[in-house]
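Here's the letter readout for the chains.
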Amino acid sequence: MTLRRTFLTSTLGLAATALLPLRTTRAEDAWPRTVRHDTGELTLPARPKRVVSTAPSLTGILLAIGAPVVATAATTPSALTDDKGFFSQWAAVADERGVEMLYGKLEFDIEAVIGAEPDLLIVSATGADSVVAHYAELQAQGIPAIVVNYSNQSWQDIALELGKATGLEEQAADAIRRFDAYATEVAAALPPVAGTASIVGYNVGGSYSVSKPTSPQAQLLAALGMTLVGLPESLRGQVTRASDFEFISQENLPAAIAGDSVFLLRATQEDVAAFLADPVLANLPAVVGKRVYPLGPTSFRIDYYSGLQMIDTVALSLKTQ
């Protein structure tokens, strides 16, 4: 789902709602309610007041829709996080709202979960922060939990799913509208990017990859007015693994980059300099023309906050080229 399509869908949905007869109880105020999730169903007796996240990858979306997050798991501190292990794109917001660290280094601690007294626990179905293997254990403790799969949904889709679970449907739709409006505003002021563009994971943890045109990062660049291309068909047999990005060997990277411009995943200007200086890539049109740009260090996974940062990074890079 593209950003623009998400915006239009949200707008049309709200318009249709406005045409319905007035009711004394809005849908988002109707409790108890049953929420379907990746592992089954959960009936919540009332709007959650203490939301706890075991998935840092989802915490930013919860914060963006105004969910009452009281604690979140943290990952291992790195250049992408604060000193607690909160991802840098939403760490300041979490601190402002008094969000506590549930446990660190993604080391599941059921005692910490019980001690946080959640009336809704958010669990990821996949990824390094998934604790779905402990779902039965959580159920046995009577902890109300929903399992969310972020590997096959946009952050906007997840926001709507979490909005229903928390009774914050309107806030979720509003976050999507704000995001899309900002992307549209920035796109209108950007200098045009001629030709096509590739998103490349360059030496990210020693790996090399090219984004599919359907990845969240590619959809966001498309919303900014660019035309994204993926891996050439001739290299399909060289892919070692694939998700939103298709991974290849470093020696195949020059042939794998089909775009006239290159945007580097999880990158800063230092990474751009390393890319431009790589002798293997010296004849790449984007290198010759110095049309290589960073997407910012938080662009590895797009949520509300990292998406805004990626938009700002791209805008700054293009305006100062």
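Structure shown above.
Attention here is on the structure that accompanies the text. (Residues numbered from 1 in each chain as written. Predicted model: local features only at pLDDT ≥ 70, side-chain atom pairs only at ≥ 80, totals over all residues. Heavy atoms only, no water.)

## Comments concerning the overall build of the chain
- Across its full length, the chain carries 12 helices and 14 strands.
- Expressed along its principal axes, the backbone C-alpha trace of the chain runs to roughly 60 × 45 × 40 Å.
- Every one of the 321 residues in the chain was classed for burial, and the buried ones make up 49%.
- Considering only residue pairs separated by 6 or more positions, the chain has 66% of its internal contacts joining residues 24 or more positions apart.
- When the accessible surface of the chain is totalled, it reaches about 14,800 Å², and 54% of it is carbon and sulfur.
- The centroid of the 23 positive side-chain charges in the chain is displaced by 6 Å from the centroid of its 33 negative side-chain charges. (Helix = DSSP H or I, 4+ residues; strand = E, 2+ residues; numbered from the N terminus. Buried < 20%, exposed > 50% of the residue type's maximum accessible area, 1.4 Å probe, protein only. Contact = heavy atoms within 4.5 Å. Areas by Shrake-Rupley, 256 points an atom, 1.4 Å probe, with all protein chains shown as cover. Lys, Arg positive; Asp, Glu negative; His and termini not counted. Charge placed at Lys NZ, Arg CZ, Asp CG, Glu CD.)

## Comments concerning the environment of S211
- With respect to the helices and strands, S211 occurs in strand β9 (residues 207–211).
- Owing to a relative accessible area of 2%, S211 belongs among the buried residues under this scheme.
- Distance from S211 to E169, taken between C-alpha atoms, is 31 Å for residues 42 residues apart in sequence.
- One polar contact links S211 to S215, side chain to side chain, over a distance of 2.6 Å. (Polar contact = N/O pair within 3.5 Å; in protein donor to acceptor, adjacent residues only side chain to side chain.)

## Side note on the nonpolar core
- Ranked by internal contacts, the top residues of the largest apolar core, which has 62 residues, are I122, L162, L221, L224, F263 and V314.
- Per element, the largest residue contribution to this core is 8 residues, and it comes from helix α12 (residues 304–319).
- L235, V272, L281 and L284 belong to the second-largest nonpolar core, a separate cluster that totals 20 residues. (Core = buried A, V, L, I, M, F, W, Y, C linked by side-chain atoms within 4.5 Å.)

## Here's the deal with the sheet that holds strand β6 (residues 120–124)
- As summarised here, the arrangement of the 5 strands in space is β5-β4-β3-β6-β7, forming an open sheet in which the pairing is parallel. One side of each edge strand has no neighbouring strand; the edge strands of this open sheet are β5 (100–101) and β7 (145–148).
- Pairing of strand β4 (residues 69–72) with β5, which is carried by 2 bridges, proceeds in the parallel orientation. Bridging across to β5, T72 finds its partner in M101.
- Strands β3 (51–53), β6 and β7 of the sheet are contacted by helix α6 (residues 155–166), whose axis makes an angle of about 170° with β7. (Pairing = 2+ DSSP bridges. Axes fitted to C-alpha atoms, helices over the stretch in contact; angles between N-to-C directions.)

## Notes on the pattern of salt bridges
- Enumeration according to the criterion identifies 8 salt bridges in this entry.
- When the shortest N-O distance is used, the salt bridge between D174 and R177 registers 3.5 Å. In this pair, D174 and R177 both sit in helix α7 (residues 169–189), 3 residues apart, roughly one turn of the helix.
- On the accessibility criterion, D174 (29% relative accessible area) is partly exposed.
- Between R178 and D174 there is a salt bridge, with its nearest N and O atoms 2.6 Å apart. Taken together, the residues R178 and D174, both in helix α7 and 4 residues apart, mark about one turn of the helix. (Salt bridge = Lys/Arg side-chain N within 4 Å of Asp/Glu carboxyl O.)

## A word on the packing of aromatic side chains
- Taken as a whole, this structure holds 11 aromatic pairs when the rule is applied.
- Between F87 and W90, the aromatic rings sit 6.3 Å apart at their centres with planes inclined by 85°, giving edge-to-face as the arrangement.
- On the basis of relative accessible area, F87 is assigned to the buried category, the value being 11%.
- According to the relative accessible area criterion, W90 is buried, its value standing at 0%.
- Measuring from centroid to centroid gives 5.1 Å for F263 and Y293, while their planes differ by 35°, and the two rings are tilted. In this pair, F263 sits in strand β13 (residues 261–264) while Y293 sits in strand β14 (residues 292–294), placing the two residues 30 residues apart along the sequence. With respect to burial, F263 and Y293 carry one shared label: buried.
- A connected cluster of aromatic rings, assembled from ring pairs, spans F86, F87, W90 and F300.
- Positioned above the aromatic ring of F247 is the side chain of R241, whose terminal nitrogen or guanidinium carbon lies 3.8 Å from the ring centre. (Phe/Tyr/Trp six-rings, centres within 6.5 Å; stacked < 30°, edge-to-face > 60°. Lys NZ or Arg CZ within 6 Å of the ring centre and 35° of its normal.)

## Concerning the pairing of β9
- The buried fraction of β9 is high, at 5 of 5 residues.
- Neither face of β9 is open: one carries S207, S209 and S211, the other Y208 and V210, and all of them are buried.
- One ladder, built from 4 bridges, connects strand β8 (residues 196–204) with β9; its direction is antiparallel. Considered in β9, the bridge of V204 is made with S207.
- As defined by bridge partners, β9 adjoins strand β12 (residues 245–248) across 4 bridges and the pair is classed as antiparallel.

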